[in-house]
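# Remarks on the overall topology
Listed here are the chains, written in short residue letters.
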Amino acid sequence: MTGCLSRILKTGLALVMLATVTGPLPAPAVTPEEMLADPALESRARALSKQLRCLVCQNQSIDDSDAELARDLRVEVRKQLATGASDAEILATLRETYGDYVLLNPPVSPGTYILWGAPVVILLGGLAIMLAWRRRREDDAAMIADDEAAPASPAASLDRHVALALASLVMAASLGLYLVLGRADLPARPLAERGAEIAAAATQAQQAASDRGAALQQARAAATETPDDVGAWLRLAMAAAASTDSATEIMALEQAERLTGGDPAIRAMRAEAMARAADGQVTIPARELIAGILAVKPAEPRALYLSGLAAYQDEDYAAAVGIWRRLQTLSPPDAPWMTLLAENIADAARSAGIDPDSVNPGPDADAVADAATMTEVERAAMIAGMVEGLAARLADEPGDVAGWRRLIRAYRVLERPEDLQAALIGLADAIPGNIDAQLSALEHMVVARLEAGFVEASQRLLDRVEVLDPNRPEGIYISGHFARQAGDTDRARALWEDLYARLPANAPIAPQLRKAIDDL
Amino acid sequence: MTRADGSRTGRLRLSFIIPLAGFLILAAFATVALMATLRGERDMSQLPSAMVGKPAPAIMLPSLLDEGQTISPGDFAGRAFLVNVFASWCAPCRAEAPALELLARDIPIMGIAYKDRPEDSRKFLADYGNPFATIGIDRDGDAGMKWGVYGVPETFLVGADGTILLRHAGPIDRRVLDELLLPANRELP
């Protein structure tokens, strides 16, 4: 019995030592400027912080966490300490607003009886089982003494095997679960010790930004000085790209394109700049540009990459894999984009649920040439297909402002006024506080004479314009127009007279407005 | 064999079945919780709120829209209202703007511009719409702490008697709107 006890003690000791070695190291996140001057108060603040949960990280105390909310709570604790509040009072006020959850040690309450009670119950249950087993062993001993020749009970040995198998199963299952879901997180890196590192990074970033600005200025000056030098425009484009000035970049590339008579590589760079300007979305104009480039030069790598990206963004993952695989086979094995390309292919293949190697690496040069000679009708059908997909997606996600802008551009190109009108209204509804969006939807309605089809929407947009800026001339004119449409001539006259009075006498539209008022 | 054997298997079965049953019960609980989490029905980041059932904190805040004025939940005395804690730097706040616009037709909304520069808040409202009846500036997040806010956006429903009836942390999406806020709004007396 003493041997057994000492074994238990040794195992326990080993477990405690293991926990000490592998457990999280204390790593406070408190920063020097938060600290209180009074060391006694500060040490109470630290002690309290260790008992409070960071509600956004959930398994760290606010003493350990770099999260913004944790910082706020640390400051709050110190604020209250400075007013002379007791530890218990501080914990109580925080519990009042954030609930029991803010305490890392949950209080005993009806909701936590199971939590606190379970270990006791399990311990008592274990003791009971141990006692039962010991009693059985004594019974066995007594029985063997009774009957020397009794064979080992087959039922008992079966039970032992079942128990052993079950225990192994549980251990294997927990190990499996850990391998699937478990993750040993990195230890905390307290903010306090990284102050110098962060400051250095900030100065460096600032320095780099001002360097880029200077380089852009220089490149702009050089390009204006030698407007016939392709290299100067390309350098300007690169400097603008580094400063994320897409407008300048696209302008410079257009100049370079003009000088080279539409070099496919430069056009592809422009397509890429257009996509970058649209938050990485390959817009419809960019797609048309890409289609044009691939028609001339089917192996243009940048255009191929963007065309794959366009397919990916249309959620046509199989096509994306095909196009990117083709780019892979066309590129030299040490091309700088190979790593990114391989990652993209893997990603698209996963989304499509296919094995990338099973995909034929894209259409060959002939097929692309065929696509280039697509008739105008086929091409229009292809673009219309892309647009339908976008419109369907926006019906589900009406808040996607960039999507509405793309759709509006597409409908303008395709000359579909009614769809364009609906898209303009969609954008106006997505950004109801933007008066220009409201006005441009209304203006198009007036110009395209679509008022009858969108009565409800026009009322909604007019109401918003009225609220946002009742003095906007365009808004007043359009309100008058709709009043006239509705047969409310008096209101229309009042609005337009008001507008006429605001116009400077020499405004070009003044005579037209006068005539419209007189015609009422 | 004799009587001793019979009583032994009885005890043995009990000592085997009790821990097994305990284990199975625990495993069942864990499985249910794990499956709900994996299916997205149980959100670990949705914490229980201690503020539900308590009076709305009566904090005066400088008004964002009328400079020099102050706003407080008392402005809505006798009426139910929503409180939405937002910030221009918070991307989900943009996503929930249309939902708030919809809610504003039925119920006034008090905005709290949490840890945001007033000029940024105004720009945000110009871009994404202003569904708010009043907006308070909470420059350093003090009011947010009184409301028990731990991340923007958060939305509270306050009854006509000034008691917090409901709290939702995170953006208001279609599901939250249809299953939580609109029904709660309908059930108001």
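So, a few notes on the structure that sits alongside this text. Owing to the predicted nature of the structure, the values given are computational and were not obtained by experimental measurement.

With that settled, consider the overall build of chain B. Within chain B, the secondary structure is distributed over 6 helices and 7 strands. When the helices and strands of chain B are listed from N to C terminus, the series reads α-β-β-β-α-α-β-α-β-α-β-β-α. Looking at chain B residue by residue over its 189 residues, the buried ones come to 46%. Surface accessibility of chain B: about 9,700 Å² in total, with carbon and sulfur atoms responsible for 60%.

Another point: the environment of Val158 of chain B. All names here are of chain B. Looking at the element boundaries, Val158 is found in strand 6 (residues 154-158). By relative accessible area, Val158 is classed as buried at 0%. Between the C-alpha atoms of Val158 and Ala80, which are 78 residues apart in sequence, the distance is 5.6 Å. The residues touching Val158, leaving out its near neighbours within four places in the chain, are Ala56, Ala80, Phe81, Val83, Trp147, Thr163, Ile164 and Leu165.

A few words on unusual backbone geometry. The linkage connecting Val152 of chain B with the following residue, Pro153 of chain B, adopts the cis geometry, with an omega of -10°. On the secondary structure map, Pro153 of chain B appears in the loop between helix 5 (142-146) and strand 6. Phi at Arg449 of chain A is positive, roughly 55°, even though this residue is not glycine. Looking at the element boundaries, Arg449 of chain A is found in the loop between helix 19 (435-447) and helix 20 (455-468). Overall, Arg449 of chain A belongs to the exposed group, its relative accessible area being 65%.

Once that is clear, we can look at the state of the cysteines. All names here are of chain B. Counted under the stated rule, the structure contains 1 disulfide over all chains. The partner cysteine of Cys90 in its disulfide is Cys93, sulfur to sulfur 2.1 Å. Judged by the sign of its S-S torsion, about 95°, the bond between Cys90 and Cys93 is right-handed. The exposure class of Cys90 is buried, given its relative accessible area of 2%.

We now examine the sheet that holds strand 5 (residues 134-138) of chain B. Residues and elements named next belong to chain B. One open sheet accounts for 5 strands, arranged 5-4-3-6-7; its pairing is mixed. Across the chains shown, the open sheet's two edge strands, defined by having one partner strand only, are strand 5 and strand 7 (164-169). The average undirected angle you get between the axes of adjacent strands in this sheet is 15°. Two strands pair when backbone bridges link them, and strand 3 (residues 81-86) and strand 4 (residues 109-114) are joined in this way by 5 bridges, in the parallel orientation. From the neighbouring strand, Val85 faces strand 4, where its bridge partner is Ile112. Together, strand 6 and strand 7 form the strand contacts of helix 6 (residues 174-186), whose direction differs from that of strand 7 by roughly 165°.

Across the boundary between the two partners, chain B contributes 31 residues, which contact 36 residues of chain A. Both faces combined, the contact of chain B with chain A buries some 3,000 Å², and carbon together with sulfur accounts for 63% of it. Along the contact surface separating chain B from chain A lie 4 salt bridges. With its nearest N and O atoms 3.4 Å apart, the salt bridge here joins Lys79 of chain A to Asp142 of chain B. The interface formed by chain B and chain A includes 6 residue pairs in polar contact (both at pLDDT 80 or more). Counting only elements with at least two residues in the side of chain B that touches chain A, the list comes to helix 1 (3-39), helix 4 (118-128) and helix 5 of chain B. Ranked by the residues each element gives to the side of chain B that touches chain A, the list is headed by helix 1 of chain B, at 10 residues. Of the residues in the side of chain B that touches chain A, the class split is 18 nonpolar, 5 polar and 8 charged.

Turning to the packing of helix 17 (residues 401-414) of chain A against helix 18 (residues 417-430) of chain A, a few remarks are in order. Residues and elements named next belong to chain A. Where helix 17 meets helix 18, the axes come as close as 9 Å, and the angle between the chain directions of the two elements is 160°. With respect to their mutual orientation, helix 17 and helix 18 come out roughly antiparallel. The handedness of the crossing between helix 17 and helix 18 comes out as left-handed. Counted together, Val401, Trp404, Arg405, Leu407, Ile408, Tyr411 and Arg412 of helix 17 and Asp419, Leu420, Ala422, Ala423, Leu424, Gly426, Leu427 and Ala430 of helix 18 form the full contact between these two elements. The residue inventory of the contact of helix 17 with helix 18, partitioned by class, reads 11 nonpolar, 1 polar and 3 charged.

Our next topic: a nonpolar patch on the surface. A surface patch of nonpolar side chains, amounting to about 420 Å² of accessible area, comprises Leu166, Leu169 and Val170 of chain A together with Phe23 and Leu24 of chain B. Of all the elements in the fold, those that place two or more residues in the nonpolar patch are helix 6 (154-181) of chain A together with helix 1 of chain B. Counting residues per element, the nonpolar patch draws most heavily on helix 6 of chain A, which supplies 3 residues. Inspection of the secondary structure assignment puts Leu169 of chain A in helix 6. The class of Leu169 of chain A is exposed, set by a relative accessible area of 55%.

What follows concerns the pattern of salt bridges. In this structure the tally under the stated criterion is 35 salt bridges over all chains. A salt bridge links Asp436 of chain A to Arg472 of chain A, with the nearest nitrogen and oxygen atoms 2.6 Å apart. Taken as a pair, Asp436 of chain A in helix 19 and Arg472 of chain A in the loop between helix 20 and helix 21 (473-485) lie far apart in primary sequence, 36 residues in all. Given the relative accessible area of 44%, Asp436 of chain A is considered partly exposed. For Glu67 of chain B, the salt bridge identified is with Arg122 of chain B, shortest N-O distance 3.8 Å. Separated by 55 residues along the polypeptide, Glu67 of chain B in the loop between strand 1 (61-62) and strand 2 (70-71) and Arg122 of chain B in helix 4 bring together distant segments of the chain. One continuous salt-bridge network, built from bridges that share partners, spans Glu68, Arg71 and Asp72 of chain A together with Lys115 of chain B.

For the rest of this paragraph, the subject is the pairing of strand 7 of chain B. In terms of burial, strand 7 of chain B is largely enclosed, as 5 of its 6 residues are buried. If you look at the hairpin formed by strand 6 of chain B and strand 7 of chain B, you'll find 5 residues sitting between the two strands, and Gly162 of chain B has a positive phi there, around 85°.

So, on to the nonpolar core. A general trend in soluble globular proteins is that nonpolar side chains are found buried together. Ranked by internal contacts, the top residues of the largest apolar core, which has 103 residues, are Tyr98 of chain A together with Leu103 and Trp147 of chain B. In this structure, Ala240, Ala286, Ala303 and Leu327 of chain A belong to the second largest nonpolar core, which totals 42 residues.

Let us now look at the side chain of Gln438 of chain A. Residue and element names in this part refer to chain A. Counting through the fold element by element, Gln438 comes out in helix 19. A polar contact is formed between the side chain of Gln438 and the backbone oxygen of Pro432, at a distance of 3.4 Å. Contacts of Gln438, omitting those with residues within four sequence positions, involve Ala428, Ile431, Pro432, Leu461, Arg464, Val465 and Leu468.

In this section: the side chain of Asp116 of chain B. All names here are of chain B. With respect to the helices and strands, the residue Asp116 is situated in the loop between strand 4 and helix 4. The charged side chain of Asp116 is buried without a salt bridge, its nearest counter-charge being Arg139 at 6.4 Å. In this structure the side chain of Asp116 is engaged in a polar contact, spanning 3.0 Å, whose partner is the side chain of Ser121. Once you skip the residues sitting within four places of it in the chain, Asp116 turns out to touch Ala87, Ser88, Trp89, Ser121, Asp138 and Arg139.

Procedures and definitions
- Residues numbered from 1 in each chain as written.
- Chains lettered and ligands numbered in written order.
- Predicted model: local features only at pLDDT ≥ 70, side-chain atom pairs only at ≥ 80, totals over all residues.
- Heavy atoms only, no water.
- Helix = DSSP H or I, 4+ residues; strand = E, 2+ residues; numbered from the N terminus.
- Buried < 20%, exposed > 50% of the residue type's maximum accessible area, 1.4 Å probe, protein only.
- Areas by Shrake-Rupley, 256 points an atom, 1.4 Å probe, with all protein chains shown as cover.
- Contact = heavy atoms within 4.5 Å.
- Disulfide = S-S within 2.5 Å.
- Pairing = 2+ DSSP bridges.
- Axes fitted to C-alpha atoms, helices over the stretch in contact; angles between N-to-C directions.
- Buried area = accessible area lost by both parts, 1.4 Å probe.
- Salt bridge = Lys/Arg side-chain N within 4 Å of Asp/Glu carboxyl O.
- Polar contact = N/O pair within 3.5 Å; in protein donor to acceptor, adjacent residues only side chain to side chain.
- Nonpolar A, V, L, I, M, F, W, Y, C, P; charged D, E, K, R; others polar.
- Parallel < 35°, antiparallel > 145°, perpendicular 65-115°, else oblique.
- Left-handed = near helix turned anticlockwise from the far one by under 90°.
- Patch = residues over 30% accessible without salt bridge, like charges linked within 9 Å, V, L, I, M, F, W, Y side chains within 5 Å.
- Core = buried A, V, L, I, M, F, W, Y, C linked by side-chain atoms within 4.5 Å.
- Lys, Arg positive; Asp, Glu negative; His and termini not counted.

By themselves, these figures tell us nothing about what the structure is for.
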